Amino acid sequence: GLSLLQDTMRPGLHALLESAGCGGKPVTADTVSYSLAPRLNAAGRMDNAAVALKLLLCGDEDQATGIAERLAEINTERQQTEQQVFAAALQALEADPARTRDRVLVVSGEDWHPGVIGIVAARLMERFSRPVIVISMHEGEGRGSGRAPDPFDLHSALADCAQHLTRFGGHAAAAGVEIEEENLAAFRQTINAWAAAHAAPPEAVSLRLDAAATLGELNLENVGELARLAPFGRENPTPVLLVQHAFVDGIWPMGAEGRHTRIRLRQGSDTLFASSFGIAPQTFAYPVGSEVEAALEVSIFNGRSGPMVSAHLKAIRPAELGNTPSEQAAWFEAFRTGGSLDAARAAALLPARTDTVSLYRRIRGGHVAAADLQPVFAAEGPQNTGKTLASLTALQELGLIEEQEGRWLPVPVTAKQDLASAPVLQKLAELAKQA
């Protein structure tokens, strides 16, 4: 199929490749996934799927060019709408911190575009590592789309809530719902009760790495050899390589409005550019000079100056941080979402006043990025990750900090606060006493 696409004689497909900036370049699975399919898919999401069908059936080159340009416009509209709905959904969740502790996140808004709520649900699922259902309300009637990670069975969860739904359908990983606005609260309560009874509590999210590599080894020849394993997809995932003890050598904005970040990694005299999507430079947690380990997907990019190796940053963390932070974060997440916590783990999560004060000073200095706390875990000690998370939650509960433009910052206060009065610390202290 990829070979046929490479030399297609269909005017519609040829125009689509040209419009996506892929004309004359090798057609890969990524070309289809990230350039062609979104444009065709956007027609049905935002306008009318017949536009995409018309392009595929078109036999006239000039007409095909016009339709392809229209699809590009629709896709741009889809991207902008998706960003707006994602921001609104995130704001709705963060306005009520208790909601982010639910096992299943249910978020709704008035007249959110139904064509993008599924994508937004998937992005929120990625961010919070739990099932998400996004619902668009219109005059009291709601249509929603849900996404769930393995091994959560979203369809079974919805079946248990059928009394609150007008309609539902789907499978374990994705589903759609229709619901009356008056039933939203009961639906949220029921699906979370089902999750507490039938679904495993959140665990540490793991990323499978295929091999370690140095930047010097990631040259055109070796990366070209990796391409022989393609096409990549769900049953044949793209290789993920671990680069250890590299330094962040440069940071630049990338994409429309600088919503993404491009960094340069360095090991000695060897360098490599890597892209981080969805994280703007001002919220990127690793300043120039940081020593890191990075999980990368690598490919060959044919630019104006010829072929070069580029990388997609799958994950990044401080060098030699280890897995202790992710394990303690999973304990804390399970505790916050209603799971059981034994006395020993409660004691490990319970911070002393000095721990909370140390974190607050770091926040006051503007050094805590909200989207990635791993540099803070490294600075405060990986073994203290649970205490750092409990301290952060306590400071939020007491209204001493807030998130602003991707960073945690202090809130001006006029009266002293008793740290021990924070609900999260009181609950951990009660559990720890049972040791």
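Up top is the structure.
Help me out: how do you make sense of the overall build of the protein chain in this one?
When helices and strands are tallied, the protein chain shows 15 helices and 13 strands. Its C-alpha atoms give the protein chain a radius of gyration of 24 Å, within 12% of the compact-globule value 22 Å for 435 residues. Across its three principal axes, the protein chain shows a C-alpha extent of roughly 75 × 60 × 40 Å. Expressed as a percentage of its 435 residues, the buried residues of the protein chain come to 42%. For the protein chain, the proportion of contacts with a sequence separation of at least 24, taken over those separated by at least 6, is 63%. A total accessible area of about 22,800 Å² is found for the protein chain, and carbon and sulfur atoms account for 49% of it. Taken as two groups, the 38 positive and 51 negative side-chain charges of the protein chain have centres that lie 5 Å from each other.

How should I be thinking about the nonpolar core in this particular structure?
Counting 38 residues, the largest nonpolar core has Leu124 and Val134 as its most contacted members. Listed by contribution, the elements that provide at least two residues to this core are helix H2 (11–19), helix H3 (29–46), helix H4 (50–57), helix H5 (61–94), strand E1 (105–110), helix H6 (117–128) and strand E2 (132–138). It is H5 that contributes the most residues to this core, 10 residues altogether. Residues within four places of Leu124 in sequence aside, it is in contact with Phe86, Ala89, Leu90, Leu93, Val107, Ser129, Val132 and Val134. Phe332, Leu359, Ile401 and Ala422 belong to the second-largest nonpolar core, a separate cluster that totals 28 residues.

What should I look at first to understand the pairing of strand E9 (residues 270–276) in this one?
Of the strand pairs in this sheet, strand E8 (residues 260–267) and E9 are connected by seven bridges, and their pairing is antiparallel. Of the residues in E9, the one forming a bridge with Leu265 is Leu272. Linking two consecutive strands that pair antiparallel, namely E8 and E9, is a turn of two residues; a positive phi of about 60° is found at Gly268 within it.

Looking at this model, I keep getting lost on the packing of helix H14 (residues 385–397) against helix H15 (residues 423–432). Mind explaining?
Each packed pair of helices is defined by two parameters, the angle between the axes and the distance between the axes. Packing of H14 against H15 leaves a shortest axis separation of 7 Å and a crossing angle of 135°. By the angle class used here, H14 and H15 are oblique. Of the residues in H15, those touching H14 at Ala390, Thr393, Ala394 and Glu397 are Pro423, Val424, Leu425 and Leu428.

The rules behind each value
- Residues numbered from 1 in each chain as written.
- Predicted model: local features only at pLDDT ≥ 70, side-chain atom pairs only at ≥ 80, totals over all residues.
- Heavy atoms only, no water.
- Helix = DSSP H or I, 4+ residues; strand = E, 2+ residues; numbered from the N terminus.
- Rg over C-alpha atoms; globule rule 2.2 N^0.38 Å.
- Buried < 20%, exposed > 50% of the residue type's maximum accessible area, 1.4 Å probe, protein only.
- Contact = heavy atoms within 4.5 Å.
- Areas by Shrake-Rupley, 256 points an atom, 1.4 Å probe, with all protein chains shown as cover.
- Lys, Arg positive; Asp, Glu negative; His and termini not counted.
- Charge placed at Lys NZ, Arg CZ, Asp CG, Glu CD.
- Core = buried A, V, L, I, M, F, W, Y, C linked by side-chain atoms within 4.5 Å.
- Pairing = 2+ DSSP bridges.
- Axes fitted to C-alpha atoms, helices over the stretch in contact; angles between N-to-C directions.
- Parallel < 35°, antiparallel > 145°, perpendicular 65-115°, else oblique.

Geometry only, nothing functional implied.
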